[in-house]
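Summary of the model geometry
The chain contents come next:
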Amino acid sequence: MNTSVDEQAFENVRKLINDICQRMSISETCRLRLTGCERELTVRFPVKMDDGHVRVFSGFRVVHNDTRGPAKGGIRYHPDVSLDEVRALAALMTLKTAVVNVPYGGAKGAVVCNPKDLSLTELERLTRRYAAEIAVLIGPNLDIPAPDVGTNPQVMAWIMDTYSQMRGYSPGVITGKPLEIGGSKGRFEATGRGCMITALLAAKHVRVDAEEATVAVQGFGNVGAAVAKLLAREGCLITAVSDSRGGVYNPKGLDLEGLLAHKTETGSVVGFKNTEPITNAELLELPCDILIPAALEHQIVEANAASVKAKIVAEGANGPTTPEADRILYANGVFVVPDVLANAGGVIVSYLEWVQNLQVFCWEEAHVNGYLHSMMTNAFAEVLEISAREKVDMRTAAYMTALRRLAAAMTARGIFP
Ligand code: NAD
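Here is what the cut-offs are and how they apply
- Residues numbered from 1 in each chain as written.
- Predicted model: local features only at pLDDT ≥ 70, side-chain atom pairs only at ≥ 80, totals over all residues.
- Heavy atoms only, no water.
- Helix = DSSP H or I, 4+ residues; strand = E, 2+ residues; numbered from the N terminus.
- Expected span 1.5 Å × (residues − 1).
- Buried < 20%, exposed > 50% of the residue type's maximum accessible area, 1.4 Å probe, protein only.
- Arc of directions from axis to C-beta.
- Contact = heavy atoms within 4.5 Å.
- Near = heavy atom within 4 Å.
- Polar contact = N/O pair within 3.5 Å; in protein donor to acceptor, adjacent residues only side chain to side chain.
- Areas by Shrake-Rupley, 256 points an atom, 1.4 Å probe, with all protein chains shown as cover.
- Nonpolar A, V, L, I, M, F, W, Y, C, P; charged D, E, K, R; others polar.
- Pairing = 2+ DSSP bridges.
- Axes fitted to C-alpha atoms, helices over the stretch in contact; angles between N-to-C directions.
- Core = buried A, V, L, I, M, F, W, Y, C linked by side-chain atoms within 4.5 Å.
- Domains from an automatic or database assignment.
- Phe/Tyr/Trp six-rings, centres within 6.5 Å; stacked < 30°, edge-to-face > 60°.
- Disulfide = S-S within 2.5 Å.
- Patch = residues over 30% accessible without salt bridge, like charges linked within 9 Å, V, L, I, M, F, W, Y side chains within 5 Å.
- Salt bridge = Lys/Arg side-chain N within 4 Å of Asp/Glu carboxyl O.
- Lys, Arg positive; Asp, Glu negative; His and termini not counted.
- Charge placed at Lys NZ, Arg CZ, Asp CG, Glu CD.
- Buried area = accessible area lost by both parts, 1.4 Å probe.

Turning our eyes to something else, we now look at helix α4 (residues 120–134). Here α4 is 15 residues long and its end C-alpha atoms lie 21 Å apart, about the 21 Å a rise of 1.5 Å per residue gives. Those residues of α4 that fall on the buried side of the exposure criterion are Glu122, Leu123, Leu126, Thr127, Tyr130, Ala131 and Ile134. In a view along the axis of α4, the buried residues occupy a sector of 160°, so they form one face of it. In this structure, the buried side of α4 is in contact with β1 (39–48), β2 (54–65), β3 (71–78), β4 (106–112) and α5 (153–167).

Right under this line is the structure:
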């Protein structure tokens, strides 16, 4: 069968969960529950555009598993997003929350749209209607969305407000909100900060000196721009970054402040002064110590994995490496920090935001960053220890950590009724 990339996304995660459950002798009931999604909602809804005509959009919200706590996962606005991709991302969230041991399950949502083609008022109407459509599933104790590709704190604010109009004031229904309405200090950079922490721990492990490390970052959005900035602050040399329109390269290092200003002004990193243009494909194959894919899925594949020259790949994005590519990277001695660990900083600080909302309290940024640092460091150490003990790659070790916790929780809770 000719399976599309999107259909392959969920199949890849499912297969890995299935194989590792069998390897760990996890019960068949747990395995069957974890290789499918618990709840899937598809919505189709009309939105009035600024010129008066009406467009009908499709959206999804998928809960993969909520055994360990309310489901948790971002909302993606992208023209190519599909239900199958959302299922894969929801399953990754279940694994991620279990790897870093926050009391959540996993979910994901999406609307098929290009937010760049919508005006602010159209984006608000689309968001509010989508929020109303998925209100049957979400809630502070049920399923708590957050930002993902194409969404931001403003979109979260509209969802919080729409839900609160329907059910009463509920800041805990969503995380990644603006500070003024219960967002957490440190949340905006949290995914990039967590990725930076794991990249530096990996560098220490493979004996790369951070002060001399060269770094290439694919994707210059929420995750990519933050991780580039934070790694530069630690002394790393950021030699290349890219976005959907292309990339820029300077082996002597990029001026990140100037680059951010250029991106704000022009909408892209492309054309920044004192740089050579490169394609996204070329960026992945650059000579560097640390490669950070922080854009979309399926970037490192069978065809280009052998050309990756980085010593460390820290997956800021979800699902950037296919299973075939994973095997090639492992055989070539590339140290991969898998997505469920490398980009878990976002969900950790989302958890801290939700805790603050439930307590009606606000913490200082240093307090939030301190928790983030210790939770990321503990999770990295635990996964590394399993990887060494079981002689498996870091992704398998991370899945083993997560699946052991999930199976224990499922067994303890039993089956209703
Ligand atoms: P974003 O929309 O802020 O940024 C995405 C970046 O990728 C942009 O610079 C965009 O131009 C670029 N991009 C898009 N298509 C590309 C392509 N084909 N080639 C190269 N670059 C491309 O999104 P984000 O929130 O930074 O998310 C990036 C990745 O990180 C996604 O995989 C997301 O699921 C994952 N992630 C995000 C968070 C979070 O807190 N935002 C948390 C965990 C994981």
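There is more to say, and it comes next.
So, on to the site of the ligand. Looking at the ligand, there are 22 residues lining it, with Asp148, Thr191, Asn222, Val223 and Asn318 nearest. Residue Asp148 places a side-chain N or O atom 2.7 Å away from an oxygen atom belonging to the ligand. At a separation of 3.3 Å, an oxygen atom of the ligand approaches a polar backbone atom of Gly316. Taken by itself the ligand offers 830 Å² of open surface, and the protein chains cover 85% of this. Broken down by class, the residue content of the shell around the ligand amounts to 7 nonpolar, 10 polar and 5 charged.

Let's shift gears to the environment of Thr401. Counting through the fold element by element, Thr401 comes out in helix α15 (residues 394–413). Under the relative-accessibility criterion, Thr401 is labelled buried at 0%.

Before going further, it helps to examine the pairing of strand β5 (residues 143–147). Consecutive side chains of a regular strand alternate in pointing toward one face of the sheet and then the other. Of all 5 residues in β5, 5 are buried, a share of seventy percent or more. Relative to β5, β3 runs parallel, the two sharing 5 bridges. In the sheet register, Lys72 faces β5, and the bridge partner there is Ile144.

This part is about the sheet that holds β2. Within the open sheet, the 5 strands sit side by side as β1-β2-β4-β3-β5. Their pairing is mixed. Looking along the sheet, the strands with just one partner apiece sit at the ends: β1 and β5. Within the sheet, the average angular offset between the axes of one strand and its neighbour, ignoring direction, is 20°.

Here we come to the nonpolar core. Leu95, Leu231, Ile292 and Leu403 are the most contacted members of the largest nonpolar core, which has 89 residues in total. Here this core gets 10 residues from one element, more than from any other, and that element is α15. Split by domain, this core shows at least three residues from each of two domains, domain 1 (3–14 + 25–172) and domain 2 (190–342). Residue contacts for Ile292: discarding those within four places in its chain leaves Cys195, Val215, Ala216, Val217, Gln218, Val227, Leu231, Ala314 and Gly316.

Relative to the elements of secondary structure, Asp289 occurs in the loop between α9 (280–284) and β10 (290–293). Of the polar contacts made by the side chain of Asp289, one reaches the backbone nitrogen of Thr214; its length is 2.9 Å. In contact with Asp289, not counting residues within four places along its chain, are Val208, Glu212, Ala213, Thr214, Ala310, Lys311 and Ile312.

Before going further, it helps to spend a moment on the sheet that holds strand β7 (residues 237–243). Strand order in the open sheet formed by 7 strands is β9-β8-β7-β6-β10-β11-β12, and the pairing between neighbours is mixed. At either margin of the open sheet sits one strand with a lone partner, and together these are β9 (276–278) and β12 (335–337). Adjacent strand axes in the sheet meet at a mean angle of 20° when their direction is disregarded. The pairing of strand β8 (residues 246–249) with β9 spans 3 bridges and is antiparallel. Bridge assignment links Val248 to a residue of β9, and that residue is Pro277.

Attention shifts here to the packing of aromatic side chains. Under the criterion given, the structure shown has 7 aromatic pairs. Aromatic pair Phe335 and Phe380: ring centres 6.4 Å apart, planes at 45°, arrangement tilted. Of this pair, Phe335 sits in strand β12 while Phe380 sits in helix α14 (residues 365–390), and the two are 45 residues apart along the sequence. When the ring of Tyr351 is compared with that of Trp354, the centres are 6.4 Å apart and the planes differ by 40°; the resulting orientation is tilted. Highlighted residues: Tyr351 and Trp354, both in helix α13 (residues 345–359), separated by 3 residues, approximately one helical turn. Three or more aromatic residues joined by ring pairs form one cluster here, namely Phe45, Phe57 and Tyr130.

With that settled, the discussion passes to the state of the cysteines. Inspection of the entire model under this criterion finds 0 disulfides. Cys236 carries a free sulfur, and the closest cysteine sulfur to it, the one in Cys288, is 11 Å from it.

Taken together, Asp209, Glu211, Glu212 and Glu234 make up a surface patch of like negative charges. As for its placement among the helices and strands, Glu212 is situated in the loop between α6 (190–205) and β6 (214–218).

For the structure shown, the criterion picks out 29 salt bridges. Its salt-bridge partner being Arg39, residue Asp66 comes within 3.3 Å of it at the nearest N-O pair. Taken together, the residues span a long stretch of sequence, with Asp66 in the loop between β2 and β3 and Arg39 in strand β1 at a distance of 27 residues. The partner of Lys311 in a salt bridge is Asp289, with the nearest N and O atoms 2.7 Å apart. Linking Lys311 in the loop between α10 (302–305) and β11 (312–314) with Asp289 in the loop between α9 and β10, this pair joins segments that are 22 residues apart in sequence. Using a relative accessible area of 44% as the deciding quantity, one classes Lys311 as partly exposed. Among the residues examined, Asp289 registers a relative accessible area of 12% and is labelled buried. By sharing partners, the salt bridges in this structure join Arg76, Glu85, Lys108, Asp148 and Glu297 into a single network.

Turning our attention to the domain arrangement of the protein. Structurally, the protein comprises domain 1 (3–14 + 25–172) and domain 2 (190–342). Centre-to-centre, using C-alpha coordinates, domain 1 lies 26 Å away from domain 2. Opposite the 15 residues of domain 1 that make contact, domain 2 presents 11 residues. Overall, the association of domain 1 and domain 2 removes approximately 1,100 Å² of surface from exposure, summing both partners, and the carbon and sulfur fraction of that is 57%. Three residues stand out in domain 1 for area buried against domain 2, namely Asn12, Leu92 and Lys96, and they jointly supply 38% of the buried area on that side. Counting across the domain 1 and domain 2 interface gives 1 salt bridge. For Glu297, the salt bridge identified is with Arg76, shortest N-O distance 3.2 Å.

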